[in-house]
Amino acid sequence: MKSKLQAAIFAVILSVVISAAQGDVVDRDWTFDTEGNFKGWSPSAQFGSNGVAAGYWWGESSAIGSYILGPAGMGLNALPNHYISIKMRLRNSSATNAYYGSQSCSIRWLTNTCTEWDDAEGITFTAYGNGAWHEFNLPVGYLLWWAGTITQLRFEPCADAVGRRVEIAWIRIVRDTTPPEFTIKTSLGYNDNERTPDTTPTLVVRKYFDNTSDVVKAEFYKRPHGTGEWTLAGTDSDPSNGFAYTYATLSAGAYDLAVRVYDRAGNAFTCGDGADHWVNNLIIDPSAPIAIRVRSSKILSPFNKLVTGMNIDSWQWCGFYDSATNSIPPQIEARAKEIKMGVLRYPFGCHADTFYWKRTIGPLSSRSTWYINDCGGGWLGPIPFQTVFGVDECCRWCEKMGIEPQFVVRFRWPGCTPCPVYDDPVDPYTQALQDAADWVEYCNSPNDGSNPNGGIDWAAVRAANGHPAPYNVKYWEIGNEPWANDPYGSPPSAEIYCLAAIAYANAMKAVDPTIIVSAGAAISPKALTTTWDETVYPLLAAHVGAFHPHPTAPKSNDTNLERLYWEVMSTSKHLEDCLDLRRRLIRQWSDGRYGDVKLLMSEWEIRTTDTTYPRDVLCTAGLATADYLRVYAENYDVLGSSEYSIFYPGLSDEIVKNSAGDVSTAYYPFYMVANRCFDEVVETHVDGSPRFDYVNSGAGKCPSQTDLPLITAFATKAADDRVLSLTVINKDKTNSRTAMIDFSEFVPAGVSLEVDIWELNAASISANTPIITQRSASYPANFIYDLPAHSVTSFIVRPTAQDKARISEAKEAANSTRVRLSGKIVTAVFEKNVFYVEEADRSAGIMIVSDKPVQLEVGSIVTITGTLGISPDGERRILADSVIDS
Ligand SMILES: [Ca+2]
Ligand SMILES: [Ca+2]
Ligand SMILES: [Ca+2]
Ligand SMILES: [Ca+2]
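Cut-offs used in this document
- Residues numbered from 1 in each chain as written.
- Chains lettered and ligands numbered in written order.
- Predicted model: local features only at pLDDT ≥ 70, side-chain atom pairs only at ≥ 80, totals over all residues.
- Heavy atoms only, no water.
- Donors = N, O, S within 2.8 Å, 3.2 Å for Na, K, Ca; no water.
- Tetrahedral: all angles 85-135°; square planar, octahedral: opposite > 155°, others 65-115°.
- Disulfide = S-S within 2.5 Å.
- Helix = DSSP H or I, 4+ residues; strand = E, 2+ residues; numbered from the N terminus.
- Polar contact = N/O pair within 3.5 Å; in protein donor to acceptor, adjacent residues only side chain to side chain.
- Phe/Tyr/Trp six-rings, centres within 6.5 Å; stacked < 30°, edge-to-face > 60°.
- Buried < 20%, exposed > 50% of the residue type's maximum accessible area, 1.4 Å probe, protein only.
- Lys NZ or Arg CZ within 6 Å of the ring centre and 35° of its normal.
- Pairing = 2+ DSSP bridges.
- Domains from an automatic or database assignment.

Quick look at the coordination of the calcium ion (ligand 2)
For a metal bound by four donors in a tetrahedral arrangement, the ideal donor-metal-donor angle is 109.5 degrees, while six donors in an octahedral arrangement ideally sit at 90 or 180 degrees.
In step 1: Every protein donor of the calcium ion (ligand 2) is listed here as Asp 198 (OD), Asp 198 (OD), Thr 200 (O), Thr 200 (OG1), Asp 707 (OD) and Asp 707 (OD), and their distances to the metal cover 2.1 to 2.8 Å.
In step 2: For the calcium ion (ligand 2), the six donor atoms are set out with angles of 49 to 165° between them, so the coordination reads as irregular.

Considerations on the state of the cysteines
In step 1: Evaluation of the coordinates by the stated rule reveals one disulfide.
In step 2: The disulfide partner of Cys 350 is Cys 375, and the gap between their sulfur atoms is 1.7 Å. Looking along the S-S bond of the Cys 350-Cys 375 disulfide, the torsion reads about 60°, which is the right-handed sense. Separated by 25 residues along the polypeptide, Cys 350 in the loop between β25 (343–346) and α3 (391–401) and Cys 375 in the loop between β25 and α3 bring together distant segments of the chain.

Considerations on the side chain of Glu 605
In step 1: Along the chain, the position of Glu 605 falls in the loop between β31 (598–604) and β32 (606–608).
In step 2: Within the structure, the side chain of Glu 605 is placed 2.7 Å from the side chain of Arg 607, a separation counted as a polar contact.

Some words on the packing of aromatic side chains
In step 1: Considering all chains together, one arrives at 54 aromatic pairs under this definition.
In step 2: Here Phe 125 and Phe 136 contribute two aromatic rings whose centre-to-centre distance is 5.5 Å and whose plane-to-plane angle is 45°, an arrangement assigned as tilted. On the criterion of sequence distance, the pair formed by Phe 125 in strand β10 (residues 121–128) and Phe 136 in strand β11 (residues 134–139) is long-range, its members being 11 residues apart.
In step 3: Since its relative accessible area comes to 2%, Phe 125 is described here as buried.
In step 4: Here the guanidinium or amino end of Lys 598 rests over the ring plane of Tyr 636, the centre of that ring lying 5.0 Å away.

Quick look at the coordination of the calcium ion (ligand 1)
In step 1: Around the calcium ion (ligand 1), the protein supplies Asp 176 (OD), Asp 176 (OD), Thr 178 (O), Asp 210 (OD), Asp 210 (OD), Asn 211 (OD1) and Asp 263 (OD) as donor atoms, at distances of 2.3 to 3.1 Å.
In step 2: Mapping the donors of the calcium ion (ligand 1) onto the primary sequence yields the spacing D-x1-T-x31-D-N-x51-D. Of this pair, Asp 210 sits in the loop between β17 (206–209) and β18 (217–224) while Asp 263 is found in the loop between β21 (253–262) and β22 (278–284), placing the two residues 53 residues apart along the sequence. Each of the two residues, Asp 210 as well as Asp 263, counts as buried.

So, the pairing of strand β48 (residues 861–870)
In step 1: β48 sits mainly inside the fold: eight of its 10 residues count as buried.
In step 2: Note that strand β45 (residues 818–831) and β48 share six bridges and pair antiparallel. Within the sheet, the bridge partner assigned to Leu 821 lies in β48 and is Ile 864.
In step 3: Between β48 and strand β49 (residues 876–885), which pair antiparallel and follow one another directly, the connecting turn spans five residues, one of which, Gly 874, has a positive phi of 90°.

Quick look at the domain arrangement of the protein
In step 1: In terms of domains, the protein is made up of domain 1 (10–175), domain 2 (181–288), domain 3 (304–671) and domain 4 (802–885).
In step 2: The straight-line distance from the C-alpha centre of domain 2 to that of domain 4 is 52 Å.

Listed below in structure tokens is the structure:
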């Protein structure tokens, strides 16, 4: 027994997770589901009022030192895999000041050998006064003082605070029997049966997650392929930078490599269990060829078309938007169409902090001048012309273009210093909150007199301004970069941001519950996580539909071009590491809404800070931009949208460089994904890619990285299986690389390919002038291809069309066969893309549905290339990818 003077020992649980897994065993269960039944738990006097009702125990702390005491003499045999599960909701007792930030909680316990509370040891953990139910799963079994027979629990949810309301749905003691989830199969890893020249392979653990505790350890094993015992090669016990291991040099031969990942209770998969936990038959071969295999039958996810979003500075658009024609100069508007701009972010980043939307609506003559900040604490305004690209103009232009607007609302917090000119000098927070809710009302409320929040009927105002129908703006960001140095939108702490952001989210969603409200978050080029993120995800993930990190990379100062090149080429790996961590935060804190809570990459670009090399016009930036878009495609579960910063005009970091519509290198990857990627992302293996390391010499900004493939690739497929595309990035700075490219899963045996090849390249990695080439080719289902140095190559492939002399012959072919019919007569045109062709002798005919609108007349002679199918009415037809009017 320790002396009573000795401080009790507490383990600090840094991260706790929701939801007991299905297989876990509940040893004690106090669920407060019966009115008035305390299940043996007694609150201390400091919980001045308390009770059991509405499915939970509740107490309000009236003095310091509150706790609730569990039933005595429970006699539970302590087990090493025990965790305590508490489902709890915390807020202030005061209705007017409902939420607080973080709160330290503690649980202690008595055992058969520790029988006095003064000696009792326990755990502390952080909980959040955000008014949301959360299951805290607190591993205790691994602690030395969870031992012998546990006789009683004591829980202090807010012992150091008065005026807190605690609600507890249950307290349980559970055995963790569920191993962590993880995968090592990613596009940057190694594949089963791969031949690799890398004698020192690195395995990285991805998407790891445990229902109870953070994953604490990963072990890396090897054995000769298919035989013998697994040998432990190395262990990574440091979770702070993820889990990875580089094997010591392996001699040429075939190996199996496996990973075991442990939770805190010691649960782990046995080596080799689960296909995603090991690499079966990795062949170390210094002369291994590169092979890119498209597994077109394995669909990973939809392809998110909102990745072609763009950030703009709305103030600058006032200089060239034409409200009479609802257009911008044709050369620039054409570029927006060419990249199928998915999202327009408005009004901008830092300018959102001094954006007062109500001043941007109504007749131009009624609008006042516009003050905008200079993004550094000063002013650019007053702007000497009236706002012409206001909210209505933005919404109308987006409506015309088929673009989702994404709005950034002005962020203020209680007690903030008012911004000069337009802020309410007394209470800028309430004004900004009202403006945010009113902005949602103006854009989304029906014009039916419903008038949310009373006051001005903003839907009626919108109708009076010429747009009776709602705009239905879906995406709303609360502030721009509240974590950074936004001039008027960055509060002193993350907790202050969160508490105000809850009020914003509630006020805005009260007007339109269907909107997605997004909270400001950060992705640093340098670090895996930030203290900001470690606060905002726990406090806000239950309240918002998204977070908006700004993963601008690498912002390097390195003046050595070669090192800078490899740093830029490595940043997509760092991005993926950062996404892994945020995926875990969302899974831990969104209370079952993983998959619905997304990341809006609302400002990002590939740039350096070094003036020796222009910020992002290098060929290098084009490759890295394409590689980021690959990462976005492969992380659909967390990726909501991406907005490149900036579309036009910008400060040398723009997509469109001038009013003539000239573009920078970064334009081309967006053009490529917009026009050359299809509905679904399919699995793609790159085998045998040479690997590179990036070593940060101290001059760079990004973390060092090991074993990154020089060749990365991703593939997408049309939902109707008619067409597939593969994008390959060759990061090799000096050498072309020869690869075998295999599409054989996509076409029936013996059928060859018609390939459309598009390439982004430049004379050198520092060249400012991109070189785009495009050509058609015929290839067998797998073929050898030379990927040029520092290039992006996009292949669109279709099965080679079989020439059919007669319509009757085409109809004999099976559905899904691609055929070509030449010299047929159009005999009827039904819609802009549906028509009918017949033989000259009218002996047979078939319906044609063209992918693109056609300008045909009855009597036109056409050549049709397309895929045989069947209409909903059961009629044979051709889905045409090409219609040539001869
Ligand atoms: Ca577990
Ligand atoms: Ca290596
Ligand atoms: Ca580690
Ligand atoms: Ca109203």
